[in-house]
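Here is how the chains run, residue by residue.
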Amino acid sequence: MNSLEKMIGILDLFDAGDDAVTVTFEELCESLGYTRSTMYRYLKTLTDAGLLSSLPGVGYMLGPRIVELDYKIRTGDVLIRAALPVMEELSTRFKGIALLCRRFKFEVLCVHQETGTDAIHSNYERGRMRSLLHGAASIAILAYLPDHQLKKLFSMAKDEFTSAGFGASLAEVKATLKGHRERGWVSTTGDVTPGVVGIAAPVFDARSEIVGSLSLTLKDTRISAKAEEEVAERVVFCAGILSKSLARS
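Residues numbered from 1 in each chain as written. Predicted model: local features only at pLDDT ≥ 70, side-chain atom pairs only at ≥ 80, totals over all residues. Heavy atoms only, no water.

(A) Layout of the packing of helix H7 (residues 147-156) against helix H9 (residues 170-183). Contact geometry of H7 with H9 gives a least axis separation of 11 Å together with a crossing angle of 125°. Our classification of the angle between H7 and H9 gives oblique. Our pair here, H7 against H9, has a crossing hand that is right-handed. Facing Asp 147, Leu 150, Lys 151 and Phe 154 of H7, the residues of H9 in contact are Leu 170, Val 173, Lys 174 and Leu 177. Across the contact of H7 with H9, the residue classes tally to five nonpolar, no polar and three charged. (Axes fitted to C-alpha atoms, helices over the stretch in contact; angles between N-to-C directions. Helix = DSSP H or I, 4+ residues; strand = E, 2+ residues; numbered from the N terminus. Parallel < 35°, antiparallel > 145°, perpendicular 65-115°, else oblique. Left-handed = near helix turned anticlockwise from the far one by under 90°. Contact = heavy atoms within 4.5 Å. Nonpolar A, V, L, I, M, F, W, Y, C, P; charged D, E, K, R; others polar.)

(B) Here's a closer look at the packing of aromatic side chains. On inspection of all chains with the given rule, the structure shows five aromatic pairs. Members of the aromatic cluster, connected to one another through ring pairs, are Phe 154, Phe 161 and Phe 166. The side chain of Arg 130 reaches across the aromatic face of Tyr 124, ending 3.6 Å from its centre. The ring of Trp 185 carries the charged tip of Arg 183 above its face, separated from the ring centre by 3.6 Å. (Phe/Tyr/Trp six-rings, centres within 6.5 Å; stacked < 30°, edge-to-face > 60°. Lys NZ or Arg CZ within 6 Å of the ring centre and 35° of its normal.)

(C) How the structure looks around the sheet that holds strand S5 (residues 129-131). Reading across the sheet, the six strands line up as S5-S4-S3-S8-S7-S6 and stay open at both edges, with antiparallel pairing between neighbours. Since the sheet does not close on itself, it has two edges, and those belong to S5 and strand S6 (186-189), each with one partner. Neighbour-to-neighbour, the strand axes of this sheet turn through a mean angle of 30°, independent of strand direction. Bridge count between strand S3 (residues 97-104) and strand S4 (residues 107-115): eight bridges; the pairing is antiparallel. Residue pairing in the sheet places Phe 104 in a bridge with Glu 107 of S4. (Pairing = 2+ DSSP bridges.)

(D) Local environment of the state of the cysteines. According to the stated counting rule, one finds zero disulfides in the structure shown. Considering cysteine sulfurs only, Cys 110 is the nearest to Cys 101, which forms no disulfide, with 4.8 Å between them. Its relative accessible area of 0% is what places Cys 101 among the buried residues. (Disulfide = S-S within 2.5 Å. Buried < 20%, exposed > 50% of the residue type's maximum accessible area, 1.4 Å probe, protein only.)

(E) Layout of unusual backbone geometry. The phi torsion at Lys 105 lies on the positive side, around 55°, for a residue other than glycine. Within the secondary structure, Lys 105 is located in the loop between S3 and S4. Accessibility expressed as a relative area gives 61% for Lys 105, which makes it exposed. Even without being a glycine, Ser 208 presents a positive backbone phi close to 65°. Among the structural elements, Ser 208 can be located in the loop between strand S7 (196-204) and strand S8 (210-219).

(F) The arrangement of the pattern of salt bridges in detail. Scanning all chains against the criterion turns up 15 salt bridges. Asp 147 is paired through a salt bridge with Lys 174; the nearest N and O atoms lie 2.8 Å apart. Remark: Lys 174 occurs in helix H9 and Asp 147 occurs in helix H7; sequence separation between them is 27 residues. Residue Asp 147 is classed as partly exposed on the basis of its relative accessible area of 38%. Within this structure, Glu 89, Arg 93, Glu 230 and Arg 234 form a network of salt bridges that share partners. (Salt bridge = Lys/Arg side-chain N within 4 Å of Asp/Glu carboxyl O.)

As structure tokens, this is what we get:
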């Protein structure tokens, strides 16, 4: 890695999990293996930029510039702005939780959530990452991955594909995902959260490439096939609105 990649690698340590809130200087040196002089130099650059901050006796944490950038994303992101009215409509009409997710490398990131009920709770909130292999919101993205990226992901996580029910071979995985594409939407029950049904549809950019998904989480009360199709039809319609908004932007 070059110097810039090494410095950015410091920020990656805060992706280690929900408990990775603060990191001490010694922990940084031990985890990354940089010399103390190099670590001091990188940390000074990151703190001067506001990407990190520090407290004596506590350690380093993400800085105020991250908060500023997050505000600009929430208020200026074209996809989020277009999604707000349809997510409010979905969550209110069907008494569920609407999620807007973006693909990030080989994972899925929740970028917005709208809640229309107190009957269920989703901890898949803004900023939470999830595997591409679990949950309707993720599978709706997975089904449209470019072939070369699907092959790479399968080679990295063959056992996970098998245990998730996609198939034991790449050909079986492709056949399963083709079924989702032909249907146009994905439905899962209790795949991530027990007692809920997730219904999701893909969102595409101006080049018809997959960028994310729009989904609705409902309480599992043995929803009928007819009711599920009614919800799915609306989710697909709303996801189409988002795709058209991205195409015009």
